Every structure is written in structure tokens, then in C-alpha cells.
Amino acid sequence: MSVGSGLFVTFEGGEGAGKSTQIRLLAAALRERGFDVLTTREPGGSPGAEAVRHVLLSGAAEEHGTRMEAVLFAAARSDHVEAVIRPALQRGAVVLCDRFMDSSRVYQGVTGNLEPPFIEALQRVAVNGVYPDCTIIFDLSPAVGLERVRRRSVGATDKPAGVTDFDRYEKEELDTQEKRRQAFLDIAAQEPERCCVVHADSTEADIAAEVLRLVSDRLGARSATSAMSESQ
Ligand code: TYD
């Protein structure tokens, strides 16, 4: 459902998929074309939600269970929506958000084993009518994603690039990432109007061009719709 005249685009996917680089490139391309662009991220994005981000990512909430974590993600989302996302959409901005409600469905719902009605009830309250117009899902083999994350943390590996042998902990992590990958693909299959899957193992430039094309199509459809309603 659209809010105001803006466009709400969310970016989802596993670890190491390159979301943040692509959001930066897309924001720059859209600003060059004269759009008012707001980039934001979850958990966080507003002062209240950033305080909760700290609790969630430090692991402080973990010992209290997945249910508690899911409620905290939803509390952060509610603050972020009302303080930042809704006002930006109302003024006509293009909002680019790194992770949103689908991350809760996948991380807390599927791999956190929380029942779908609980997650959906939390989402309804948290998003309060502000649903993404478009969700870009970066799809990547978990082994490639983990290798990228490993290489990013300098000093964490002395293996040459491209060598992929994983320890027991990492193998468990790969299984979990594979479940998440499938869960994001399932969401895309269930909601094809909203979701687009982008293969995140192409070159940075090719992915950026595809993402810009997808979002430009939505912006084109948006201006055609508003032109039609203005002429009526
Ligand atoms: P972050 O450091 O922002 O990394 P990235 O988005 O690049 O993976 O970490 C956010 C983490 O929070 C990530 O592991 C996914 C998780 N998360 C959830 O479990 N549920 C949610 O609803 C959201 C928004 C994020």
C-alpha cells in the first residue's frame, strides 16, 4: 500500500550479499536524476530504534529468547516507521531501507522457529499500513556470502581468496543461511508483484544497473499513475 507520493523500496538478503554498497550506488544515481532520496536501515534508522539496535546486535536480548527478540525488532520498526519512513513518504521521497519486515519473517519466523501468526500480528502493528512498494532480494550462495564476510574482516583469515573450507561452526552457519536464502525466495514467489530477486554474484556494476532499472520502472509507473489521477 502506498503512503503519500513517495516510493518505499526495501532491500533484503543474507549476509555478504552487498546490499549496503548497492543502496549507496542507487541513492547516488537517483539523486543525480533529481529525486529526493532517504537511505535508512534496520534494526535502527530512528533515535528510538537505534537504541534498540544496540540491545539486539550486542546479543543482550538473546538469552531472553527469540520471542522477546522478535518483539524488540517490531518495537524498533514501529518507531522507525512513524518517526522517519512515513513522514519521508508523505513528502514524496524515495525511501531506500536496508532490511525491513521480511527480515523478521525469515530470521525470527523461519530460522527462529516462531509461528507465522505471531510474526504477522507483530508486523501489522509495527508497519501500521506502511508496506514496501518494492522489495529487492539479493540472492547469493551462502558459501560465497560467508567467504565475502570472512574476507571483509581483515586478519580473520590467512587463507588466499577463493579457498573455501569451513569449520564446524561455519558449516552450521551455512545451513542456517541456506534456510534463510530459501525463505526469502519463498516470499518472492508468494509476492511477485512486490518482490524482485537479483542474483548477487554478478559484478557490482551489473547489479547496480539492474537495481536502477527495477526502481526506475516503479518510479515510472508511479508518475504515470499520479498523472492519471491528476488529470481526472
Ligand atoms: P547488520 O549489522 O545491520 O548487518 P546486515 O544487514 O548487513 O546483515 O545486522 C542486522 C542483523 O539483524 C542481521 O543479522 C539480520 C538481523 N535482523 C533480524 O534478525 N530481524 C530483523 O527484523 C532485522 C531487520 C534484522
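Residues numbered from 1 in each chain as written. Predicted model: local features only at pLDDT ≥ 70, side-chain atom pairs only at ≥ 80, totals over all residues. Heavy atoms only, no water.

Mind showing me how you'd approach the site of the ligand here?
Taken together, 13 residues surround the ligand, and among them Lys19, Arg77, Arg99, Ser104 and Gln108 come closest. Side-chain polar atom of lysine 19 to an oxygen atom of the ligand: 3.0 Å apart, as the coordinates give it. In the complex, the protein chains occlude 77% of the 550 Å² of accessible area that the ligand would expose alone. A molecule is said to occupy a pocket when more than half its atoms come within 2 Å of that pocket's grid points, and by this definition the ligand occupies the largest pocket. Secondary structure elements with two or more residues in the shell around the ligand: helix 2 (47-57), helix 3 (66-90) and helix 4 (101-110). (Near = heavy atom within 4 Å. Polar contact = N/O pair within 3.5 Å; in protein donor to acceptor, adjacent residues only side chain to side chain. Areas by Shrake-Rupley, 256 points an atom, 1.4 Å probe, with all protein chains shown as cover. 1 Å grid on protein atoms, 1.4 Å probe; cavity = no way out; pocket = protein on both sides within 12 Å on 5 of 7 lines; lining within 4 Å. Sits in = over half its atoms within 2 Å of the grid points. Helix = DSSP H or I, 4+ residues; strand = E, 2+ residues; numbered from the N terminus.)

Just to check I follow, could you spell out the sheet that holds strand 5 (residues 195-199) for this structure?
In sheet architecture, strand pairing relies on hydrogen bonds along the backbone and comes in two forms, parallel and antiparallel. Taken together, the five strands give an open sheet; going across it, the order is 2-3-1-4-5, and neighbouring strands pair in parallel fashion. With partners counted over all chains shown, the strands left at the sheet margins are strand 2 (37-41) and strand 5, one partner each. Direction aside, neighbouring strands of the sheet carry axes that sit 20 degrees apart on average. In this structure, strand 4 (residues 134-139) lies alongside strand 5, joined through five bridges in parallel fashion. Following the sheet pairing, aspartate 139 is matched in strand 5 by histidine 199. (Pairing = 2+ DSSP bridges. Axes fitted to C-alpha atoms, helices over the stretch in contact; angles between N-to-C directions.)

Looking at this structure, I do not really get the layout of surface pockets. What am I missing?
Estimated volume of the largest pocket: approximately 990 Å³. As for the largest pocket, its lining consists of 37 residues, and the residues nearest its centre are Glu15, Leu57, Arg99, Tyr107 and Arg180. Of all the elements in the fold, those that place two or more residues in the lining of the largest pocket are helix 1 (19-32), helix 2, helix 3, helix 4, helix 6 (142-152) and helix 7 (168-190). Of the residues forming the lining of the largest pocket, the biggest block, six residues, is contributed by helix 7. For the lining of the largest pocket, a count of residues per class yields nine nonpolar, 14 polar and 14 charged. (Points joined across faces, edges and corners; volume = space filled by probe spheres on them. Nonpolar A, V, L, I, M, F, W, Y, C, P; charged D, E, K, R; others polar.)

Is there a simple way to think about the nonpolar core in this case?
Inside soluble globular proteins, nonpolar side chains tend to come together where they are buried. Counting 25 residues, the largest nonpolar core has Phe11, Leu96, Ile136 and Phe138 as the members making the most contacts within it. Residue contributions to this core peak at six residues, all from helix 8 (residues 204-231). By size, the runner-up hydrophobic cluster in this structure holds 13 residues, among which are Val81, Ile85, Ala93 and Val95. (Core = buried A, V, L, I, M, F, W, Y, C linked by side-chain atoms within 4.5 Å. Buried < 20%, exposed > 50% of the residue type's maximum accessible area, 1.4 Å probe, protein only.)

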